[in-house]
Every structure is written in C-alpha cells, then in structure tokens.
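# Observations on chain architecture
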Amino acid sequence: MRLFTTIAALRCYLNLQKSAASHLQIGLVPTMGALHSGHLSLIQRARQENAIVLVSIFVNPLQFGPTEDFQDYPRNFEQDRLLCEQAGVDAIFAPSATEMFGNQGVDSLRDSFASRTQTAKTVEQQIHLSSLTQVVPPPAMTSVLCGKSRPGHFQGVAAIVTKLLSLVQPTKAYFGQKDAQQLAIIRKLACDFNLPVEIVGCPIAREASGLAMSSRNQYLTTEQKQQACVLYRALQQASKTFASGDRTAAAVIAVARAEVAGEPAIKLEYAEIVDPDTLTPLQVVETSGLLTVAARVGSTRLIDNIILRNRRPIVAIDGPAGAGKSTVTRQSAKVLGLCYLDTGAMYRALTWLALKTNTPMSDECAIAELIGSSYLEYNLDPASLSLKINGEDVTEAIRSLEVTSRVSEMAAISVVREFLVDEQRRCGIEGGIVAEGRDIGTNVFPDAEVKIFLTASVQERARRRLLQLKETDRANISLAQLEEDIALRDSKDSTRKIAPLRKAADAVEIQTDNLTVDEVIDRIVGLYQERIGPKS
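Below you will find a few notes about this structure. (Residues numbered from 1 in each chain as written. Predicted model: local features only at pLDDT ≥ 70, side-chain atom pairs only at ≥ 80, totals over all residues. Heavy atoms only, no water.)

Under the definition given, this model contains four aromatic pairs. One aromatic cluster is present, formed by Phe-64, Phe-70 and Tyr-73 through successive ring pairs. When the ring centre of Phe-70 is taken as reference, the NZ or CZ atom of Arg-75 above it lies at 5.0 Å. Arg-247 extends its terminal NZ or CZ atom over the ring of Phe-242, reaching a point 4.7 Å from the ring centre. (Phe/Tyr/Trp six-rings, centres within 6.5 Å; stacked < 30°, edge-to-face > 60°. Lys NZ or Arg CZ within 6 Å of the ring centre and 35° of its normal.)

Tracing the sequence through the fold places Asp-490 in helix α20 (residues 479–495). Overall, the relative accessible area of 14% leaves Asp-490 in the buried class. Side chain to side chain, Asp-490 and Arg-461 meet in a polar contact 2.6 Å long. In this structure, Asp-490 is in contact with Pro-320, Ala-321, Val-458 and Arg-461, ignoring residues within four places of it in sequence. (Helix = DSSP H or I, 4+ residues; strand = E, 2+ residues; numbered from the N terminus. Buried < 20%, exposed > 50% of the residue type's maximum accessible area, 1.4 Å probe, protein only. Polar contact = N/O pair within 3.5 Å; in protein donor to acceptor, adjacent residues only side chain to side chain. Contact = heavy atoms within 4.5 Å.)

All right, on to the state of the cysteines then. Inspection of every chain in the model, using the stated rule, returns zero disulfides. Between Cys-191, a free cysteine, and Cys-427, which holds the nearest cysteine sulfur, the sulfur-to-sulfur gap is 19 Å. Cys-191 sits in the exposed class, given a relative accessible area of 53%. (Disulfide = S-S within 2.5 Å.)

This part is about the environment of Glu-530. Looking at the secondary structure, you find Glu-530 in helix α21 (residues 517–531). Judged by relative accessible area, which is 65%, Glu-530 ranks as exposed. C-alpha separation for the pair Glu-530 and Glu-509, spaced 21 residues apart in sequence, amounts to 15 Å.

The next thing to look at is the pairing of strand β16 (residues 450–455). Burial analysis of β16 places six of its six residues in the buried class, the great majority of the element. Neither face of β16 is left uncovered, since the one carrying Val-450, Ile-452 and Leu-454 and the one carrying Lys-451, Phe-453 and Thr-455 both have all their residues buried. Sheet topology note: the strand β10 (residues 314–318)/β16 ladder contains four bridges and is parallel. Directly across from Asp-318, in β16, lies its bridge partner Phe-453. The sheet contact formed by β16 and strand β17 (residues 508–511) spans four bridges and is parallel. In the strand pairing of β17, Leu-454 is matched with Ile-510. (Pairing = 2+ DSSP bridges.)

In structure tokens, the structure reads:
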C-alpha cells in the first residue's frame, strides 16, 4: 500500500497505473479518517468493483462551523493506515491543508495571527470558502435538513469533493447512505458538471444495537450509546406505519417523534421525509421517500435515516452464461404476476440499430453518438413482450442471426452499458419486475427485495447447450469443446473490469444441475413468498 501526502505524487502514481492498463477501474473512498466498520464496508465494495482502490483521509476544515468540533474531531492516522492496509487498499492520499488549498492562502492566514502559538488544527480551521473558487450546490438542497443548523457545511463538502474527484478522476466514488443529504448533493454535483464518475451510495453500517456507525460515536459514553439507539427504533416504528398503508408524511413522522420522545436524554433536532434525490419535502410518499432524523445526545450530534419505498417488489436473477436465466426469469415473472425485464433484448436493440445505420461497433465514439440520440420503449408484460427503438418495433428483428452474432461486441462497449443500466433502473422505478443478467442484483438493483444467483456446473451447462444445438444445423461441436468454451466464458465474465459476474452477498444461490425448469421456478416463487408474502 502506498501513502501519498502530495498532489504531485498522487498524480504520478495514478498516471503510471493508467499507462500500464487501459480503461483502469479506480475506486475512490473519501473519508475524514477515524475509520470504522462503516468506512470499511465502503472500501470492501470498492475493492470488489475496481482494480485500484484509493482512500483519501482529510479532515476538511471547510465543512465545520465556528462552534463545531473541528479541533476535537477524532484523528488516529496510524490506526487508519493499518485498517486500510488490512482491507486491501492500494493507496492512501492524506494531504495537509496547505497541500489542498495552497501555500499562499494558509500562509497569509498564519501571518495574520497575533499569537504564533496557534495549533495546526486552528490554522486550518481559519481557511474560508471566500478565499477559494467556490462550488455552490442548489440552495434548495443545502438549506434543508442539516443545512438549517449547519450553514456553509455542504458548500464546504462540495468544494473538497469536487477537488478530490478532479485530482483522482475515479471510475466510481463511494459514499455512505447515512449522510443521505450529502450523497444527494454529490450526485447532483456530478450530474450537473457531467463528471465521468459513478457516485455509489452504500448501505448504512450499524452496530449490533442498530446505532448507525459514525466517527462521532467515539464521543458517546456507554449509557449515551444505549440512549441513542432510540433513533433507529424510531425509524423502524415509522417504517411499520408506512408499510401498514399510511403513506402520509405527517403520520409517519408523528410515530418517529413519539418514539424519540420516550428517551428524554435525546434532543430531536428534526424528523422529516423528503425526496431521496432532490431533498424536496414530501407530503405523501408516491414511490420512495427519505425519512431522516437528527438529534443531540449530550453535546454530540447524530443523524440517521431510512428509505421508505412504495413500489412493488423487484426480483434480481444473476448467474453465469448457460444457467437458464432467461427461460426461468420470463416464466417466473408470469407465475408471480410481475413484469419481465429482458436486459439482453436491450443490447440486441442497440446492436440492431448500429447494423441498420451502418455504425461500426469498433468506433465507440460513433456508437456513443448514436445511442445518445436514441430512446427505447418497452412493454414488459411477459405475455405480450415488445420493444421499440426510436419508435420502431424491433421485437422480432432483434432475434435475427446477424444481431445474435454481433450483440457481444455491443455489450462490451462501456458507454452502451452505462446507457442501458440507466434504462434498466428507470424500468424499475415502480418495481414489479423480474430481471436477469450478471450484475442485476449487485449493481443495477442492489436494493432488490429478492436476489437469486442461478448457476449450474460447467458440465451441465455444456450438456444443455449441446441439446439446444442438436435442434439446429450447428450440432457439429463436441461436448468437450462446449465445456472448454463455457469455462473460458465464466473466467472472462468473472474477471472483466466492467460489471464482473459475482454473487451478491445477500443473494440466494440455486444450483440447477438436478432440477427441472419447473422445480427452479417453484423455488423462486417459494423464496418470493417467504420474503414478500403471497404472489402479486
């Protein structure tokens, strides 16, 4: 693991890494140190998805108010360094304030002090946004929730995150859902500035008691930690009210407030429901809402939240090629009364369009231009599936031999994948779908209610494929050759830099070697009923 404290060294390292491997996946985990299991869960996710993982450690003075805990904020760099090394981090970037904001700004502030005995922490805290080029998120997003009591906080966050994204230029940057307002603002920032980075929100890591993990938990006594657990209980009780059918913010918030009121040591600052993306206050939750709370336990300020979803369930089915995902997914959707999201058809549609317009798939820029002005329309009813591209029905045309022979080329283009992941997520906004692929549960719908990893041995998949080929004029391949081809495909899918095949941590694996299609579907339906209840 490398440690860099200067921008020059960081850039040198990243340039060398990128020159050694084209399309290098770089994951950035921005932190202020005092690392805990919550940070480590972000690092673990980044490690799974990227070739290089970089953790930044910088206590950002710009996001602390004059009366906040900048000087006392927990700092233990040696412990942080050890945790990063154990977690498989490739590099740490731990700059000083002078390195991040420039010598002139810090020196001029230092020279203005009457006393030369100021600590480095105090010097750093005197750096103000007014001396820097500013990044100003929408006031509607920064003036609500925590922004009411922390003026300037999110502007300071935006400034340092923009700087880090500019310096590292990561493929993905990882942030915790606990800081939901920060996450929404950073996503807006990346979108508005067209930054070529995916902002990945990761689930809240909690202690066994339910208390959301935070560096500031170090300030709490054992008794205060027990008292603070009421915040999570309040979210849970409010969620039960929501699940019972009352979608009004007033009713849900009232339950949360009542629960917190039962713990006199906790001083609730706010409990609100907002849109998770725009932070606009909601009166009724139509699709999804962010129920978020902030409170003080003694002098320590804590936040927590939960996403309330008013949507039908999503079933995500992943697995290796030849495991029977398409057949099982479509038939399961019929049995469950859900829609079938045929992700393969999406790639076929773009392949058909490229062939029709004579756009070479070897020209990624031309493909990007083509799909940037295209739109897809779907009928996801498994009984009457149809797909249109730019208004033209291509349901049957995309099954041609020419499209089939070229679709793998299209699927390998990163810009195509990015476009279709957005499309797939759009199809899942209201839920009620069964979708299959190799990263549906890990990346496209990480919050799917039911996740399944459908697999079979290489030998069984080769046998099934040979039976299929015997029904065509392509039965002149041996079983041994098919096994070799499938094993090679597995290796490529599992190690590819973009969307590698892997089982989600919370997915249920179904090994289908000795199961019929109907038996596999029965297991999926049983799992659905166990998790969700009766079929839709």
